[in-house]
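# Observations on the three-dimensional arrangement
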Amino acid sequence: TTKTSQSPWAAPITAALTELRATGAALSEDGVRAALVDAGVAAADIQALGGFDSVAFGAAVDGGGCVFGSVSADVVTVDVGGYIMDGGCLAMVGH
């Protein structure tokens, strides 16, 4: 399943993460970062946080704003929005 928002960044990021998920490899923060870089996102602008069965990500993108979401064995979610209060794109656990 894939859930995505409208943005010039949403389609290439969704495609890269869907391809990563389709490999069947264990999901990791590094794997998600690499997929986002492959989609054209600058490595320095990517935040990723792995959980038990999914990886959440947030990335500042050219043109302003953030692309954020998660990838698991079952679903890829990509949303577009603004920066969070601390200036990043991914809220840390507990915030």
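Attention in this report is confined to the structure presented alongside it. (Residues numbered from 1 in each chain as written. Predicted model: local features only at pLDDT ≥ 70, side-chain atom pairs only at ≥ 80, totals over all residues. Heavy atoms only, no water.)

## So, the nonpolar core
Basically, it comes down to this: Take the buried residues of types Ala, Val, Leu, Ile, Met, Phe, Trp, Tyr and Cys, join any two whose side-chain atoms come within 4.5 Å, and each joined set is a nonpolar core. Note on exposure labels: buried denotes an accessible area under 20% of the residue type's maximum, exposed denotes more than 50%, and partly exposed covers the range between, all computed with a 1.4 Å probe on protein chains only. Strands here mean DSSP runs of E at least two residues long; helices mean DSSP runs of H or I at least four residues long; both are numbered from the N terminus. Only heavy atoms matter for contacts: two residues are in contact if any of them lie within 4.5 Å across the pair.
Membership of the largest hydrophobic core comes to 21 residues, with the highest contact counts inside it found for Ile-13, Leu-17, Val-32, Leu-36, Val-41, Phe-57 and Val-78. For this core, the secondary structure elements donating two or more residues are α1 (10-22), α2 (29-38), β2 (46-50), β3 (54-60), β4 (66-72) and β5 (76-81). Sorting elements by how many residues they give to this core places α1 first, with five residues. Residues within four places of Leu-17 in sequence aside, it is in contact with Val-32, Ala-35, Leu-36, Phe-57, Val-71, Val-76 and Val-78.

## A word on the pattern of salt bridges
For clarity, the cut-off: Here a salt bridge means any side-chain nitrogen of Lys or Arg lying within 4 Å of a carboxyl oxygen belonging to Asp or Glu.
Applying the stated criterion across every chain yields a total of two salt bridges. Across the pair Arg-33 and Glu-29 runs a salt bridge, and its minimum N-O distance is 3.6 Å. With Arg-33 and Glu-29 both in helix α2 and four residues apart, the pair spans about one turn of that helix. On the basis of relative accessible area, Arg-33 is assigned to the partly exposed category, the value being 27%. Overall, Glu-29 belongs to the partly exposed group, its relative accessible area being 29%. A salt bridge links Arg-33 to Asp-30; its shortest N-O distance comes to 3.2 Å. Residue Arg-33 and its partner Asp-30 are located together in helix α2, separated by three residues, close to a single helical turn. Overall, Asp-30 belongs to the exposed group, its relative accessible area being 56%. One network of salt bridges, in which partners are shared, links Glu-29, Asp-30 and Arg-33.

Geometric values such as these leave the question of function open.
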